[in-house]
Amino acid sequence: MRKTIIITIFAIICMAAQAASQKTLTAADQGITYTGRVDFKADGSVSYDWTGVYWQTDFTGGYLAIEASEAGESWHNLFIDGQWVRKLHITGTTPQRIVLAEKLGKGTHRLRLQKCTEGQNGCTTIHHIIVAANGTLSPVAPRERMIEIYGDSYTCGYGTESPRYDDPFRVDTENCDQAYGCIIARYFDADYALTAHSGQGMVRDWGDAKQISDVNMSTRYTQVYDDHGTAPYAFDRYRPQLVMINLGTNDFSPVAIPTDEQYVSAYVKMIDTIRQHYPGVTILCITPHSAGRYLKAALSLLRERIATYDRVFMANPLDDIVTVERDMGADWHPNYQGQKKIAMTLIPQISAIMGWELTDKPIK
């Protein structure tokens, strides 16, 4: 009994000592830089569910932890000083402490935490940031270049970490950081934001019996949240120089495909809305590598409709660049190698329309 009391007292002393050596800040602290669509709450917490949202900070003190909760489940990529460290699985509605960095050397270290799974699986809330008592947080300045991508499962990195095309989908094998959008952003040293949701098209979702689905990307892309609220997004968190749109595979999936006019009218409306919020932005409309004849016909009509638009381009077709045997992950979606092929095809076109130089850096 006495031994138990001594151990308990010792544990309390240790916890008190640890608390004294740390300080707790709100997730909305000015030393944190968020990129993507996020919701700053009145209590200082920050919530987000779109895939690819990331936050960064330059910190000192050698220690950094978060208190986070989750509606559903999410996976996050953790990077420290530019190096990938591990993937974190966050679940549970009760805030939990997760240590991201400890016992690092003296000086300043850069930490980035990137949500790499979709809103339909989970919504993350960061409640607090915990650092060493003598630690500091400094915001990370935005890069000169910013890219935004509107897309579906190809943009989300659905199944990129799966080794076989006939594997079923699992949340832990989805990784947007291995998808073409993030690959292109890395190559051009750009920040990025992904507005993407698997299974959804411009007007119709995969296999829907309706020509126009009740919820589709035309209803989602104007929201702060992907799947956890319908509050409108003000399009004021960032200002991209380049917007890419890669939507249509799901629209023209089997059963009740939309008419060319339904699809193209919604596409033009999206372009007009984006141009209204980002005056002068360059827009690149992508023909998916999986596009069939119906989608290609609709995109031909789109080309006619935007012929007089300034700074709106159609990307070259991506026919036959992704093979089933080598380039497919779960559910016949591009794996990391397949995604790199898509990125390698688009990079020269982006260089041409944006004037961004090509370099000898690897595509990764």
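Note: the structure precedes this text.
Residues numbered from 1 in each chain as written. Predicted model: local features only at pLDDT ≥ 70, side-chain atom pairs only at ≥ 80, totals over all residues. Heavy atoms only, no water.

A. Examining the overall build of the chain more closely. Helix and strand content of the chain: eight helices and 16 strands. The C-alpha atoms of the chain give a radius of gyration of 22 Å, which matches the 21 Å a tight globule of 364 residues would have. Viewed in the frame of its principal axes, the chain has a C-alpha envelope of about 80 × 40 × 40 Å. Burial statistics for the chain: of 364 residues in total, 54% are counted as buried. Nonlocal contacts in the chain, meaning residues at least 24 apart in sequence, comprise 75% of its contacts between residues at least 6 apart. Entry remark: accessible area of the chain is about 16000 Å², with carbon and sulfur atoms responsible for 54%. Of the side-chain charges in the chain, 35 are positive and 41 negative, and the distance between the mean point of each set is 6 Å. (Helix = DSSP H or I, 4+ residues; strand = E, 2+ residues; numbered from the N terminus. Rg over C-alpha atoms; globule rule 2.2 N^0.38 Å. Buried < 20%, exposed > 50% of the residue type's maximum accessible area, 1.4 Å probe, protein only. Contact = heavy atoms within 4.5 Å. Areas by Shrake-Rupley, 256 points an atom, 1.4 Å probe, with all protein chains shown as cover. Lys, Arg positive; Asp, Glu negative; His and termini not counted. Charge placed at Lys NZ, Arg CZ, Asp CG, Glu CD.)

B. Expanded view of helix α6 (residues 293–305). For α6, which comprises 13 residues, the first-to-last C-alpha distance of 19 Å matches the rise-based estimate of 18 Å (1.5 Å per residue) to within 8%. For α6, the set of buried residues is Leu295, Ala298, Leu299 and Leu302. An end-on view of α6 places all buried positions within 100° of arc, on one side of the element. Seen from the open side of α6, the exposed residues pointing more than 90 degrees away from its buried face are Arg293 and Glu304. (Expected span 1.5 Å × (residues − 1). Arc of directions from axis to C-beta.)

C. Structural view of the packing of helix α5 (residues 260–277) against α6. As a packed pair, α5 and α6 sit with axes 9 Å apart at the nearest point and diverge in direction by 50°. Comparing the axis directions of α5 and α6 gives the class oblique. Of the two possible hands of crossing, α5 and α6 adopt the one that is right-handed. Contact residues: α5 offers Asp260, Glu261, Tyr263, Val264, Ser265, Tyr267, Val268 and Ile271, while α6 offers Tyr294, Leu295, Ala297, Ala298, Leu299, Leu301, Leu302 and Arg305. Its residues assigned to classes, the contact of α5 with α6 shows 12 nonpolar, one polar and three charged. (Axes fitted to C-alpha atoms, helices over the stretch in contact; angles between N-to-C directions. Parallel < 35°, antiparallel > 145°, perpendicular 65-115°, else oblique. Left-handed = near helix turned anticlockwise from the far one by under 90°. Nonpolar A, V, L, I, M, F, W, Y, C, P; charged D, E, K, R; others polar.)

D. How the structure looks around unusual backbone geometry. Of note, aspartate 81 is a non-glycine position whose phi angle comes to about 55°, a positive value. With respect to the helices and strands, aspartate 81 occurs in the loop between β6 (64–80) and β7 (83–91). Residue aspartate 81 is classed as partly exposed on the basis of its relative accessible area, which comes to 40%. Its identity as a non-glycine residue notwithstanding, arginine 311 has a phi of 65°, on the positive side.

E. A look at the sheet that holds strand β12 (residues 145–151). Ordered in space as β13-β12-β14-β15-β16, the five strands form an open sheet in which the pairing is parallel. Among the strands making up the open sheet, the edge pair consists of β13 (190–196) and β16 (312–314). On average, adjacent strands in this sheet sit at an angle of 20° to one another, irrespective of strand direction. Examined bridge by bridge, strand β14 (residues 242–246) and strand β15 (residues 282–285) share four bridges and lie parallel to one another. (Pairing = 2+ DSSP bridges.)

F. Fine view of the pairing of β13. Most of β13 is tucked away, with seven of its seven residues classed as buried. Relative to β13, β12 runs parallel, the two being bridged by seven bridges. In the sheet register, arginine 145 faces β13, and the bridge partner there is alanine 190.

G. Molecular detail of the side chain of threonine 323. Its location among the elements puts threonine 323 in the loop between β16 and α7 (324–327). A relative accessible area of 18% places threonine 323 in the buried class. Other than its neighbours up to four places away in sequence, threonine 323 contacts Met328 and Lys341.

H. Examining the environment of threonine 35 more closely. With respect to the secondary-structure elements, threonine 35 resides in strand β2 (residues 33–35). When the C-alpha atoms of threonine 35 and valine 46 are compared, they prove to be 12 Å apart, with 11 residues separating the residues in sequence. Not counting chain neighbours up to four residues away, the residues in contact with threonine 35 comprise Val53, Tyr54, Met146 and Tyr192.

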